[in-house]
Amino acid sequence: MSNTMYQQVINFFESIDPVYAAFLATVFTWFLTALGASLVFFFKNMNRVVLDGMLGFTGGVMVAASYWSLLAPAIEMSSGEGFVKVIPAATGFILGAIFLFGLDKVLPHLHINFKETEGVKSPWQRTTLLVLAITLHNIPEGLAVGVLFGGVAAGIPEATIAGALTLAIGIGIQNFPEGIAVSMPLRRMGMSRWKSFMYGQSSAIVEPIAAVVGALAVTFFTPILPYALAFAAGAMIFVVVEEVIPETQQDNNTDIATLGFIGGFVVMMTLDVALG
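Described in the following lines is the structure provided in the data block.

Quick notes on the rules
Residues numbered from 1 in each chain as written. Predicted model: local features only at pLDDT ≥ 70, side-chain atom pairs only at ≥ 80, totals over all residues. Heavy atoms only, no water. Core = buried A, V, L, I, M, F, W, Y, C linked by side-chain atoms within 4.5 Å. Buried < 20%, exposed > 50% of the residue type's maximum accessible area, 1.4 Å probe, protein only. Helix = DSSP H or I, 4+ residues; strand = E, 2+ residues; numbered from the N terminus. Contact = heavy atoms within 4.5 Å. Expected span 1.5 Å × (residues − 1). Bend = angle between axes of the 7 residues up to and from the residue. Polar contact = N/O pair within 3.5 Å; in protein donor to acceptor, adjacent residues only side chain to side chain.

**A short note on the nonpolar core**
Part 1 of the argument: Residues Phe-13, Leu-70, Phe-149, Leu-167 and Leu-229 are the most contacted members of the largest nonpolar core, which totals 53 residues.
Part 2 of the argument: Counting residues per element, this core draws most heavily on helix α9 (residues 225-248), at twelve residues.
Part 3 of the argument: Not counting residues up to four positions away in its chain, the partners in contact with Leu-70 are Ala-65, Ala-144, Leu-167, Leu-229, Ala-232, Ala-233 and Met-236.

**Topic: helix α3 (residues 48-76)**
Part 1 of the argument: Over its 29 residues, α3 extends 41 Å from the first C-alpha to the last, a length consistent with the 42 Å expected when each residue adds 1.5 Å.
Part 2 of the argument: For α3, the principal kink sits at Ser-66 and spans about 30°.

**A word on the environment of Arg-187**
Part 1 of the argument: With respect to the secondary-structure elements, Arg-187 resides in helix α6 (residues 161-188).
Part 2 of the argument: Note on Arg-187: relative accessible area 13%, which makes it buried.
Part 3 of the argument: Residues contacting Arg-187, with those up to four places away along its chain left out, are Val-40, Phe-43, Lys-44, Ser-192, Arg-193 and Ser-196.
Part 4 of the argument: Here Met-191 takes part through its backbone oxygen, which lies 3.0 Å from a polar atom of the side chain of Arg-187.

**Describing the side chain of Thr-29**
Part 1 of the argument: Of note, Thr-29 is situated in helix α2 (residues 18-37).
Part 2 of the argument: Only 2.7 Å separates the side chain of Thr-29 from the backbone oxygen of Thr-26, close enough to count as a polar contact.
Part 3 of the argument: Discounting chain neighbours no more than four positions away, the residues touching Thr-29 are Ala-168, Ile-171, Gly-172, Asn-175 and Glu-207.

Have a look at this one:
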């Protein structure tokens, strides 16, 4: 994307309501999930090495976004000095991790490898449980984008449209392999291409919902912004450590997954510094 085109996009988002902007930005992240899921129309299987590398990339993007787009601004906008300044970020980070921990224990879901079901006992089909697993990943991602746009609406100097859009771009990029990670296993199980695609893309529908909720919450109660940013970061880091990284270690592709992680981290860091 050229600088001129990117600036036009920023100008457009600056001209509309920030809550609506949060919705549109996460519709974009959902679209890239659907784009990834659409590969099921062309392939029945995906090489596990490629999938692990892409999941590693996803983890790297999420970790980099958690710091550069969420934790660093949360600390910067907090008042006080020393330990006092970091309290909002630390508190929000812990609460975000606890929130995802609770969802992980309560919401029935199935990991991509189909080997273990987590959460409360449920009669739901394995396909539904797999979609719910990826949906868990997407809640903090949508929330993170929404919170940043909410900060713009509240007039917080550290929250910018450019920063929020950069985060949405990074999340959108890593949503592409997540769409593949849902649709391909379902297709391999014998589900039709269309149904596999529909399940794959539906896992990201929660992102626009979470984005609107996050933006509205910050808009109506501005002091929670540093807590909310760190909350999203804590939730994202929990997902990476508890779900994404272990998933890439199931086979003998740890080196590929690690290199994918490094690549994802560098890409998101570069995007945030260059565009945000």
